[in-house]
Amino acid sequence: MITLKNVTKIYTGGIKAADGLSLEVKEGEIFGFLGPNGAGKSTTIKMITGVIEPTEGTVEICGINMAKDPVKAKSFIGYVADEPLVMEKLKGIEYLNFIMNVFQVPKELRTQRIERLLEDFKLSHAIMDPINTYSHGMKQKLSLIAALSHNPKVWVLDEPIVGLDPESAFILKKMMRNHANSGNTVFFSTHVMEIAEKICDRIGIIQKGKLEFVGTVEELRKLKGSGTLEELFLEVTKSEIEKMDFSYLDNN
Amino acid sequence: MRLKRWISLTWTIINANYGLSNLKTSLKKDKKNILILALMIYAFGAIGFSFVFFYKPLLISSYQQLATLGMEKLFLANAFLNAGIIGFIVGLFLLISTLFFSKDMRVLITLPIRASEVITAKLTVVILFQMIVSLAILLPSLVYYGIQKNAGVSYWLYSMLLFLLSQIFPMLLQTIIILPLSRIVKFSRMKDFMLYILGIGALAMSLIVVFLVNKSAINGGNNGFNLVNIFANPDVFINKLASIYPPAFFAVKTLLSNTFSGLAWLAGYLGLHAIAFVTTIWFAKKYYYDTYNSLQQFYAGRRKLSTEEMSGQLNVEKSLFATLHAREWKYFLKVPAFAFNGLSGTFILPIMVIMFPFIFKGNQEASGNIENFFQAIKDLYVPIGILGGVLAGSMSGLAASAFSREGKLLQELKALPVSPGDVLKAKFVNIMEISFMGILLMTAAIHLLLGGSLLLDIIVVLLSGVVSAFLNLLQLVIDATRPLLNWDNPQRAIKQNFNVAIAIFIVIGFVGGFGYLSFKLVDVVSPFAIAMVLALCGIVGIISLIKPALRMTSDLLKRDL
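Residues numbered from 1 in each chain as written. Chains lettered and ligands numbered in written order. Predicted model: local features only at pLDDT ≥ 70, side-chain atom pairs only at ≥ 80, totals over all residues. Heavy atoms only, no water.

## With respect to the overall build of chain A
Phase 1: For chain A, the helix and strand inventory stands at nine helices and 10 strands.
Phase 2: On C-alpha atoms alone, chain A measures out to a radius of gyration of 19 Å, which is about the 18 Å that the 2.2 N^0.38 rule sets for 252 residues.
Phase 3: Overall size of chain A, expressed as C-alpha extent along the three principal axes, is 55 × 50 × 40 Å.
Phase 4: The 252 residues of chain A split such that 55% are buried.
Phase 5: Sequence separation of at least 24 residues holds for 66% of the intrachain contacts in chain A that already meet a minimum separation of 6.
Phase 6: For chain A, the computed accessible surface area is about 11,100 Å², with 49% contributed by carbon and sulfur atoms. (Helix = DSSP H or I, 4+ residues; strand = E, 2+ residues; numbered from the N terminus. Rg over C-alpha atoms; globule rule 2.2 N^0.38 Å. Buried < 20%, exposed > 50% of the residue type's maximum accessible area, 1.4 Å probe, protein only. Contact = heavy atoms within 4.5 Å. Areas by Shrake-Rupley, 256 points an atom, 1.4 Å probe, with all protein chains shown as cover.)

## A short note on the overall build of chain B
Phase 1: Along its length, chain B carries 24 helices and zero strands.
Phase 2: Residue burial in chain B is summarised as follows: out of 561 residues, 49% are buried.
Phase 3: Intrachain contacts of chain B at a sequence separation of at least 6 include 83% that bridge at least 24 residues.
Phase 4: Total accessible area on chain B stands at roughly 25,600 Å², and carbon and sulfur atoms take up 70% of it.

## Some points on the interface of chain A and chain B
Phase 1: Listed by partner, the interface residues are 49 residues for chain A and 46 residues for chain B.
Phase 2: Applying the counting rule to chain A against chain B returns one salt bridge.
Phase 3: Here Glu94(A) and Lys334(B) are joined by a salt bridge, their closest N and O atoms 3.2 Å apart.
Phase 4: Counting every contact that joins chain A to chain B gives nine residue pairs in polar contact (both at pLDDT 80 or more).
Phase 5: Here the side of chain A that touches chain B gets nine residues from one element, more than from any other, and that element is helix 3 (residues 92–102) of chain A.
Phase 6: Broken down by class, the residue content of the side of chain A that touches chain B amounts to 26 nonpolar, 13 polar and 10 charged. (Salt bridge = Lys/Arg side-chain N within 4 Å of Asp/Glu carboxyl O. Polar contact = N/O pair within 3.5 Å; in protein donor to acceptor, adjacent residues only side chain to side chain. Nonpolar A, V, L, I, M, F, W, Y, C, P; charged D, E, K, R; others polar.)

## Focus on the pairing of strand 6 (residues 77–80) of chain A
A regular strand places its side chains on the two faces of the sheet in alternate fashion.
Residues and elements named next belong to chain A.
Phase 1: The alternating pattern of strand 6 places Ile77 and Tyr79 and Gly78 and Val80 on opposite faces, both of which are buried.
Phase 2: Pairing between strand 6 and strand 7 (residues 154–158): four bridges, direction parallel. Pairing of Gly78 across the sheet is with Trp155, part of strand 7. (Pairing = 2+ DSSP bridges.)

## Focus: the state of the cysteines
Residue and element names in this part refer to chain A.
Phase 1: Evaluated as defined, the whole model comprises zero disulfides over all chains.
Phase 2: There is no disulfide at Cys200, and the cysteine sulfur nearest it, in Cys62, is 19 Å away.
Phase 3: When its relative accessible area of 11% is taken as the criterion, Cys200 is described as buried. (Disulfide = S-S within 2.5 Å.)

## Let's talk about the layout of surface pockets
Here the idea is plain: a probe the size of a water molecule rolls over the atoms and shows the empty space left.
All names here are of chain A.
Phase 1: Approximately 410 Å³ is the volume found for the second largest pocket.
Phase 2: Elements supplying a minimum of two residues to the lining of the second largest pocket: helix 4 (107–120) and helix 6 (166–181).
Phase 3: Broken down by element, the lining of the second largest pocket gets its largest block of residues, six residues, from helix 4.
Phase 4: Classifying every residue of the lining of the second largest pocket by side-chain character gives six nonpolar, six polar and three charged. (1 Å grid on protein atoms, 1.4 Å probe; cavity = no way out; pocket = protein on both sides within 12 Å on 5 of 7 lines; lining within 4 Å. Points joined across faces, edges and corners; volume = space filled by probe spheres on them.)

## What to know about the sheet that holds strand 8 (residues 185–189) of chain A
All names here are of chain A.
Phase 1: Spatial ordering of the open sheet is given by 6-7-8-3-9-10, a layout of six strands whose pairing is mixed. Unpaired on one side and paired on the other, strand 6 and strand 10 (210–215) mark the two borders of the sheet. The average angle at which neighbouring strand axes cross in this sheet is 15°, direction not considered.
Phase 2: Bridge analysis of strand 9 (residues 202–207) against strand 10 gives five bridges, and the strand direction is antiparallel. Each bridged residue has a counterpart across the sheet, and for Ile205 the counterpart in strand 10 is Phe213.
Phase 3: Sitting on the sheet, helix 8 (residues 217–224) touches strand 9 and strand 10, and the angle it makes with strand 10 is about 110°. (Axes fitted to C-alpha atoms, helices over the stretch in contact; angles between N-to-C directions.)

## Some words on the side chain of Thr443(B)
Phase 1: On the secondary structure map, Thr443(B) appears in helix 20 (residues 420–450).
Phase 2: Setting aside residues no more than four positions away along its own chain, Thr443(B) makes contact with Tyr381(B), Asp457(B), Val460(B) and Val461(B).

## Let's talk about the pattern of salt bridges
Phase 1: Evaluated as defined, the whole model comprises 18 salt bridges over all chains.
Phase 2: Measuring nitrogen to oxygen at the nearest pair gives 3.1 Å for the salt bridge that ties Asp201(A) to Arg177(A). Here the residue Asp201(A) occupies a position in the loop between helix 7 (193–199) and strand 9, and Arg177(A) occupies one in helix 6, the gap between them amounting to 24 residues.
Phase 3: Looking at Asp201(A), the relative accessible area reads 28%, which means it is partly exposed.
Phase 4: Residues joined in a network through salt bridges with shared partners are Arg327(B), Glu328(B), Glu406(B), Glu412(B) and Lys427(B).

## Structural notes on the pairing of strand 1 (residues 2–10) of chain A
Residue and element names in this part refer to chain A.
Phase 1: Both strand 1 and strand 2 (residues 16–25) contribute to a ladder of six bridges, which runs antiparallel. Directly across from Leu4, in strand 2, lies its bridge partner Leu23.
Phase 2: Between strand 1 and the antiparallel strand that follows it, strand 2, lie five residues; Gly13 among them carries a positive phi value of about 100°.
Phase 3: In the sheet, strand 1 pairs with strand 4 (residues 56–61) via five bridges, with the strands oriented antiparallel.

## A closer look at the sheet that holds strand 2 of chain A
Residue and element names in this part refer to chain A.
Phase 1: The sheet built from four strands is open, its strands ordered 2-1-4-5 with antiparallel pairing. The strands lining the two open edges of the sheet, one partner per strand, are strand 2 and strand 5 (64–65).
Phase 2: Where helix 1 (residues 41–48) meets the sheet, its contacts fall on strand 1, strand 2 and strand 4, and the angle it forms with strand 1 comes to roughly 120°.

## Section: helix 3 of chain A
Phase 1: Counting buried positions along helix 3 of chain A yields 11 of 11 residues, so the element is predominantly enclosed.
Phase 2: Among the residues of helix 3 of chain A, Gly92(A), Ile93(A), Glu94(A), Tyr95(A), Leu96(A), Asn97(A), Phe98(A), Ile99(A), Met100(A), Asn101(A) and Val102(A) are the ones counted as buried.
Phase 3: Each element contacted by the buried residues of helix 3 of chain A is listed here: helix 4 and helix 5 (136–148) of chain A together with helix 14 (307–314), helix 15 (320–334) and helix 19 (410–415) of chain B.
Phase 4: Directly after helix 3 of chain A, the chain includes Gln104(A), whose backbone phi takes a positive value near 50°.

## Here we look at the packing of aromatic side chains
All names here are of chain B.
Phase 1: Scanning the model with the defined rule gives 19 aromatic pairs over all chains in all.
Phase 2: The interplanar angle of 45° and the centroid separation of 5.1 Å between the aromatic rings of Phe510 and Phe514 together place this pair among those described as tilted. One end of the pair is Phe510 and the other is Phe514, both in helix 23 (residues 498–521) and four residues apart, which spans about a single turn. Phe514 shares its class with Phe510; the two are buried.
Phase 3: Pairwise contacts between aromatic rings join Tyr63, Phe75, Tyr144, Tyr145, Tyr155 and Trp156 into one cluster.
Phase 4: One Lys or Arg, Arg405, reaches over the ring of Phe338 and ends 5.7 Å from the middle of that ring. (Phe/Tyr/Trp six-rings, centres within 6.5 Å; stacked < 30°, edge-to-face > 60°. Lys NZ or Arg CZ within 6 Å of the ring centre and 35° of its normal.)

## Points about the confidence of the model for chain B
Residues and elements named next belong to chain B.
Phase 1: Of the residues in chain B, 82% have a pLDDT of 70 or more, and the chain-wide mean is 81.
Phase 2: With pLDDT under 50 throughout, residues 220–225 is counted as low confidence; its partners more than four residues away or in other chains account for 13 contacts.
Phase 3: Scored by ipTM, the complex comes to 0.79, with pTM at 0.75. (pLDDT = per-residue confidence, 0-100.)

## Points about the nonpolar core
Phase 1: Membership of the largest hydrophobic core comes to 124 residues, with the highest contact counts inside it found for Tyr95(A), Phe121(A), Ile127(A), Leu142(A), Met176(A), Phe188(A) and Ile203(A).
Phase 2: Each residue touching Tyr95(A), except ones within four places of it in the same chain, is listed here: Leu85(A), Val86(A), Met87(A), Leu90(A), Ile131(A), Leu142(A), Ala146(A) and Glu412(B).
Phase 3: One finds Phe75(B), Leu95(B), Met131(B) and Tyr288(B) within the second-largest nonpolar core, a separate group that totals 69 residues. (Core = buried A, V, L, I, M, F, W, Y, C linked by side-chain atoms within 4.5 Å.)

## Here's the deal with the side chain of Asn184(A)
Residue and element names in this part refer to chain A.
Phase 1: Inspection of the secondary structure puts Asn184 in the loop between helix 6 and strand 8.
Phase 2: Note on Asn184: relative accessible area 13%, which makes it buried.
Phase 3: In terms of polar contacts, Asn184 uses its side chain to reach the backbone carbonyl oxygen of His179, at 3.2 Å.
Phase 4: Residue contacts for Asn184: discarding those within four places in its chain leaves Met1, Glu27, Gly28, Glu29, Lys153 and His179.

Okay, here's the thing in structure tokens:
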């Protein structure tokens, strides 16, 4: 459902944020995308969702080339950005209506779907309020509800757990599993190794724009030895955290 | 130590507000951004050009007309008065948004800084912006008057001081109006409403002041002080300034008196401003932090909807165009800085045209002269109507900020399954709807002045629409090429946007150029032909700009931002 072929992104100034990425995320799969800050996760996600164009290579969503037919390719995606992209001056319900109008959700499905999502994410009580009265977590929930409201085949979620309360995070994880089990695709980035380990069918680790590893957690263990995913991640990304000395913080 | 901290704080706020570091980095990072520099040079060039070829002759002729009547003292009075009024209008929204809607307060409020330090730093941001008005209006008049009168050292010294302090009084008026009012309407749900009320109130007040001042100057108002009195003794008007705008009274007295009595008047001016400054700080300290804090306390209804209610809200299906079009209107109306600047930019000119005959009402001689002038230009009803309509329909800055006003939300548009054509169409239709409001009002205003027929009015409205559509499309292309998206304060997207400044020059250049040609060719070319040439320009312009507009929108939606 998501296919990246030799995708490279060079930003103005020559910075290579993604370097020849090739990846295929299949139907029924939850794919966790891991990497340190600035490794190229968000850039990759933005290329998958058509927010930015790759410098080289192609991105396909459900067989549709993003560069050739962006409108059709985007219509398969439900996207939650790392920072909630919502029109803060609107009421929550107005924003959801806008998204459903853009995705042309039939009216007979709207109430039923939105009512359930609002109940599940405990946002029913705030839906008539302007979004600028919401907390960060509430905005994140609204973004999620908007992304799921049109029942997209592909969910692309950039750090979706950040800001969510434990109950909502749990619900989202269950929804991700259900969605994948129904033959759809979930692609998400996270820094929480525990979540990646628990719910991902496969993971990808990106470091300095290059995919250092793609496979299951078990495959990673076979490759790098036993340990928690966090430890394996630090090894793959060649982190030198063990050698660091923080005593300077307490010295005068 | 405290001074150093204040300087650092002020510089940081100025830097953040005007995006200086951002611009510097952007210029360094991408050599293509050199276009910004080219645009800046162009804008400064255009300012220089319009100053030399339009403003300077206007200044000279204004001085000479007054000098012929022996009233050149009024030249200085006008400059101080106009700089004050325009500074007040220009700075008002910036003050509101700098105090209440700038995101830097979220950081500043957590830091160990005194309220007075933050306030003075923020007021400095506003006053710097307002000084552009003094630079454009007051300074040239002071210099020209000084040269004409071969003024001595004291004149130049006093002028410098008067110039530097010229925007303090308008800022005091803004602060006195805004802070107590903002405390009254402090509920967060009314924040936008507050901005509308303040904006409309300030605009109405400015128009009333302009009206009263002009009326007083032209026919002396109702209290027996008339044009004959002003001719006999210009000091009558200058003394009248003491009640209309005291700083202008003190300033003019300073410059027109000899060195020593000038010093006394200057002391009065400084005293007035010292009081103004202290009062401003006192008001700000008393009201600002409290009001700011209460604005952060969101009051939300938190009401759950029943299934029926939710169905009522959600079951209105719209086409993609209708959805994007509604989004444009909602975003425009729900951000007060956009709505107020856009609507005032559209309506202010027609309103001033409507006010025009009322200013002269009661002065038979002036009214008679104006009536004769109107009769003389009546044949040019359609071209004048079109050019007036174009000014009202294309100079609001809305088209030139159509993409800039999206800010970070452009990322949302980029991720949605909408084509560049849909986005452009929704924006263009929204802008043209607002343009037509201005065109209709301007046509009504010109109808009131010149008295055209209904048929001519319809022609004026339609052809104004065509020419406005061309100029608006051109502005959309400019904004799509290099939108200003990185702003925290919505005011920046429309008021401090280079694209808007360029668009204003283009519209004024177009209207001025055609106006000048019409005036020169009126004896050899019929007004109908002039109108047709204008319409033809519009049609050719629209046709030739559709493809570039689509291409630029498409490029923008694909670009790394």
